[in-house]
Amino acid sequence: MSEEQYRHEIAHLARIELHTPDPDGTLWFFKDLLGMYETQREGQSVYLRGYEDPYQWSLKITEGPVARMDHAALRTTSPEALERRVRSLQDGNYEGTWHEDEFGYGKTYEFITPDGHQMNLLWEAEKYRAPEELRSKILSRPSKKPLQGLPIKRIDHLNLLASDVTPVKDSFERHLRLRTNERVVDGEVEAGVWMSSSQLSHDVAVMRDARGAQGRLHHVAFYYGVQQHTVDAAEMFRDYDITIEAGPDRHGITQSSFLYVFEPGGNRIELFGDPGMLILEPDFETRTWTMDQIDTGTAIGGTNLPQETYFTYGTPPVDPDPDEDAQ
């Protein structure tokens, strides 16, 4: 079978680990405001899940000196798919390591993207089994909808910042078989790409880091499910002194509704109001946006994404470029 036939080898984003210098504030944000369930504590880490996340955890919060992504993990569609993707990475000179030390997950392959992000691939994942008091009468739902917070349903997607978008995109296309659904170009330079292996508009996005830094996180998104509720969320965040960066509005790219905030530790979080467009065509062609279309691409409703943060801030934070800020 040719490599081209191994197209749908990545199922979805399974988990992410975030570091925070304010663990109490970060946990309060995710548990009290977003309504995530705590499933485990180990050392300086706490494991959380949304009420429709299928596994033991989708978010690991670890105390650390600065806000940043430790790693993110994609689950493959089968154990054979995991072996094929790892073999492809190794053939492409991506030297990774196997480990099996995360609560709720089995054998995992860890590798570094061309820009320095730590990514994991895995197949083995322990399904969450709710205790009696949290079992939902809705059989397709792993646990009851919580009575506090928004609440969010599940982890949705990952957005990475890169000093050079194209090498990361090319590696994800070649070795993970992700499809580029949309992209933004600035002349001949790719400024952003939105990629998936499923019907979702994107599982992973990569955007150009305006600071020129490597290996940073732009945001992780959690699926909320109703666009109107992002307005309710904004009101809640305003009342509880959570910094709102942009939204609520709807992106032209992906057609999804959004609300961007900063959790107390400093990581950017997106509340995803709906999934946006679904890619149902097997021969879907990449849509290319240009910089003269960027206002519609970023926000259909007219929200201005703040230049001073949205295209420059990522985690871990980096010092501003004095020459850039003087312009």
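How each quantity is defined
- Residues numbered from 1 in each chain as written.
- Predicted model: local features only at pLDDT ≥ 70, side-chain atom pairs only at ≥ 80, totals over all residues.
- Heavy atoms only, no water.
- Helix = DSSP H or I, 4+ residues; strand = E, 2+ residues; numbered from the N terminus.
- Rg over C-alpha atoms; globule rule 2.2 N^0.38 Å.
- Buried < 20%, exposed > 50% of the residue type's maximum accessible area, 1.4 Å probe, protein only.
- Contact = heavy atoms within 4.5 Å.
- Areas by Shrake-Rupley, 256 points an atom, 1.4 Å probe, with all protein chains shown as cover.
- Lys, Arg positive; Asp, Glu negative; His and termini not counted.
- Charge placed at Lys NZ, Arg CZ, Asp CG, Glu CD.
- Phe/Tyr/Trp six-rings, centres within 6.5 Å; stacked < 30°, edge-to-face > 60°.
- UniProt positions renumbered as here; feature names shortened; annotations may be inferred.
- Polar contact = N/O pair within 3.5 Å; in protein donor to acceptor, adjacent residues only side chain to side chain.

1. A few points about the overall build of the chain
Right, on to step 1. If you tally the helices and strands in the chain, you get six helices and 17 strands.
Right, on to step 2. By the compact-globule yardstick of 20 Å for 327 residues, the chain fits well, its C-alpha radius of gyration being 19 Å.
Right, on to step 3. Relative to its 327 residues, the chain shows a buried fraction of 55%.
Right, on to step 4. A separation threshold of at least 6 residues defines the contact pool for the chain, and within that pool the share at least 24 residues apart is 67%.
Right, on to step 5. For the chain, the accessible area works out to roughly 14,400 Å², and carbon and sulfur atoms hold 46% of it.
Right, on to step 6. In the chain, the 33 positive side-chain charges and the 56 negative ones have mean positions that sit 8 Å from each other.

2. Details of the packing of aromatic side chains
Right, on to step 1. If you walk through the whole model with that rule in mind, you get 13 aromatic pairs.
Right, on to step 2. Where W28 meets Y240, the ring centres are 6.3 Å apart and the plane angle is 55 degrees; that geometry is what we call tilted. Taken together, the residues span a long stretch of sequence, with W28 in helix 1 (residues 23-33) and Y240 in the loop between helix 4 (227-239) and strand 14 (244-250) at a distance of 212 residues.
Right, on to step 3. Look at W28 and you get partly exposed, because its relative accessible area is 30%.
Right, on to step 4. On the basis of relative accessibility, which here comes to 48%, the residue Y240 falls in the partly exposed class.
Right, on to step 5. Geometrically, the ring pair formed by F29 and F237 is stacked, given 5.8 Å between the ring centres and 15 degrees between the ring planes.

3. Topic: the UniProt feature "domain: VOC" (unreviewed entry) in the chain
Right, on to step 1. Under the UniProt annotation, the feature "domain: VOC" (unreviewed entry) is placed at residues 12-124 and 154-274.
Right, on to step 2. The span residues 12-124 carries 21% helix and 42% strand; its end-to-end C-alpha distance comes to 13 Å.

4. A closer look at the side chain of T26
Right, on to step 1. Checked against the element boundaries, T26 lands in helix 1.
Right, on to step 2. Given the relative accessible area of 1%, T26 is considered buried.
Right, on to step 3. When neighbours within four sequence positions are excluded, T26 is seen to be in contact with T20, I61, E263, P264 and G265.

5. Describing the environment of Q44
Right, on to step 1. Considering the arrangement of structural elements, one finds Q44 in the loop between strand 2 (37-42) and strand 3 (45-49).
Right, on to step 2. The sequence separation of Q44 and E63 amounts to 19 residues, and the corresponding C-alpha distance is 5.6 Å.
Right, on to step 3. Within the structure, the side chain of Q44 is placed 2.6 Å from the side chain of E63, a separation counted as a polar contact.

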